[in-house]
Amino acid sequence: MSSNLSTNVASNATDGSLNLVTYAMERDIAKKVMCIEDTLKLASAAKIKFVDVMNVSRAHELEEYISAIKSTGVGVYCYTAEISFLGNIDRLLNTLKMQLRIAAVLGAKLFLITPYSGAADERKAKSIGKEQVLQVMAQYFKIAVKEAAKYGLRVCFETADKDAFGLCSSADCKQVLDQTPGLGLVFNTANSVACGEDPKDAHDALKNYIVHVHLKDIKLAESDQKSPTQPLAPDGRVMQDAVIGSGIIPVREIYDSMIKAGYPGRFGICYSHAEGKPYTLTQNSANLLQYLRWLK
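What you see is a predicted model; the values in this text were computed from it and never measured.

A. Fine view of the overall build of the protein. Scanning the protein for helices and strands turns up 11 helices and 10 strands. Relative to the compact-globule value of 19 Å for 296 residues, the protein shows a C-alpha radius of gyration of 18 Å, a close match. Dimensions of the protein, computed from C-alpha atoms along their principal axes, come out at roughly 55 × 40 × 40 Å. For the protein, buried positions account for 52% of its 296 residues. Summarising the internal contacts of the protein: among those between residues at least 6 apart in sequence, 78% fall at separations of at least 24. Looking at the protein as shown, the accessible area adds up to about 13200 Å², and 48% of this sits on carbon and sulfur atoms. Looking at the protein, you have 34 positive and 32 negative side-chain charges, and the mean spots of the two groups are 4 Å apart.

Take a look at the structure:
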């Protein structure tokens, strides 16, 4: 596996600024067809130096990550924590402090907060209205920035794939960013589609706030069985993850323009695979190659 993947990736000229976003492999780990170390091995075989990871909450998971970092030489760059800003304040603060400690132990550089969770938060966001949501976001991000400074971590949020949370459009993102000194943005190349904004326009409007990028492609599909958690385009079609280069997002164009403009940060490959079916390390290796072909 490693030899195959390394050989194929070596044929692509890269500048070494790529991370592997490992969120999709959480279900493979849960189904015990992959382990945490395998996710870092996958990155190492692809000559990717860093991973972006999410929600390491159990002691044994933290120990596995520490061991895997040592054995593979692959580091954690962006640590993502799901911390609802629309729920109980005591739970918010306790979770924030716990997740900051974990991110620091893992040696992360960025602390990405997803400040909402599930259908309940979406219903609450809709009930209080976007302007109130934006005020809540700015209020608690200020607290997070202050707490993270104790650990030397940069707090950021990712452009959302649902407009109800107020972090989807460039205008709403700028409002929160301008109210929160020290807060950074992880620009997702696809998520602005949810609020009807062209990804290139969103990038141009937000480029001065970007500290990290998640390279994501999507396809728009009709569906009669929409889940409440599925992101939707304004016309009601489902935003489905796609291999980079096979969807509707001009990922390569955005990537090239940022490199040309001298963007100094890193890019995370938003890797995914078919839902409902766990993938082994070998299967993920073969699938990842499809994501890396856009680098040619």
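B. Structural detail: helix H6 (residues 118-128). Inspection of H6 places Asp121, Glu122 and Ala125 among the buried residues, and these make up the whole buried set. Seen along its axis, H6 keeps its buried residues to an arc of 100°; they face one direction. Away from its buried face by more than 90 degrees, H6 exposes Arg123 and Ser127. Close packing links the buried residues of H6 with helix H7 (130-149). Among the residues trailing H6, Gly129 stands out with phi positive, at a value near 90°.

C. Main features of the environment of Glu63. Among the structural elements, Glu63 can be located in helix H4 (residues 59-72). A residue is classified by how much of its surface remains accessible, and Glu63, at 55% relative accessible area, is exposed. Through-space distance from the C-alpha of Glu63 to that of Ile83 is 22 Å; in sequence the pair is 20 residues apart.

D. Geometry of helix H10 (residues 251-260). What H10 keeps buried is the set Val251, Ile254, Tyr255 and Met258. Taken end-on, H10 shows its buried residues confined to a sector of 100°, consistent with a single buried face. In this fold, the buried residues of H10 make contact with strand E1 (18-21), strand E6 (184-188), helix H9 (199-206), strand E7 (210-215), strand E8 (217-221) and strand E10 (267-270). Positive backbone phi, at 85°, marks Gly262, one or two positions downstream of H10.

E. Region of interest: the nonpolar core. One finds Tyr79, Phe111 and Phe141 to be the most contacted residues of the largest nonpolar core, which totals 85 residues. In terms of residue count, H7 provides more of this core than any other element does, nine residues in total. If we ignore the near neighbours within four places in the chain, the residues touching Tyr79 are Val53, Asn55, Val56, Gln99, Ile102, Ala103, Leu106, Ala108, Leu110, Phe111 and Leu112. Listed in part, the seven residues of the second largest apolar core include Cys78, Leu110, Val186 and Val211.

F. Main features of the packing of aromatic side chains. Under the defined criterion, the tally for this structure stands at nine aromatic pairs. With centroids separated by 5.0 Å and ring planes inclined at 70°, the aromatic side chains of Tyr263 and Phe267 adopt a geometry described as edge-to-face. For the pair shown, Tyr263 and Phe267 are each scored as buried. Taken together, the ring pairs in this structure connect Phe85, Tyr140, Phe141 and Phe157 into an aromatic cluster. Lying over the aromatic face of Tyr77, Arg266 brings its terminal NZ or CZ to 5.8 Å of the ring centre.

Rules behind the numbers
- Residues numbered from 1 in each chain as written.
- Predicted model: local features only at pLDDT ≥ 70, side-chain atom pairs only at ≥ 80, totals over all residues.
- Heavy atoms only, no water.
- Helix = DSSP H or I, 4+ residues; strand = E, 2+ residues; numbered from the N terminus.
- Rg over C-alpha atoms; globule rule 2.2 N^0.38 Å.
- Buried < 20%, exposed > 50% of the residue type's maximum accessible area, 1.4 Å probe, protein only.
- Contact = heavy atoms within 4.5 Å.
- Areas by Shrake-Rupley, 256 points an atom, 1.4 Å probe, with all protein chains shown as cover.
- Lys, Arg positive; Asp, Glu negative; His and termini not counted.
- Charge placed at Lys NZ, Arg CZ, Asp CG, Glu CD.
- Arc of directions from axis to C-beta.
- Core = buried A, V, L, I, M, F, W, Y, C linked by side-chain atoms within 4.5 Å.
- Phe/Tyr/Trp six-rings, centres within 6.5 Å; stacked < 30°, edge-to-face > 60°.
- Lys NZ or Arg CZ within 6 Å of the ring centre and 35° of its normal.

By themselves, these observations are geometric and do not establish any function.
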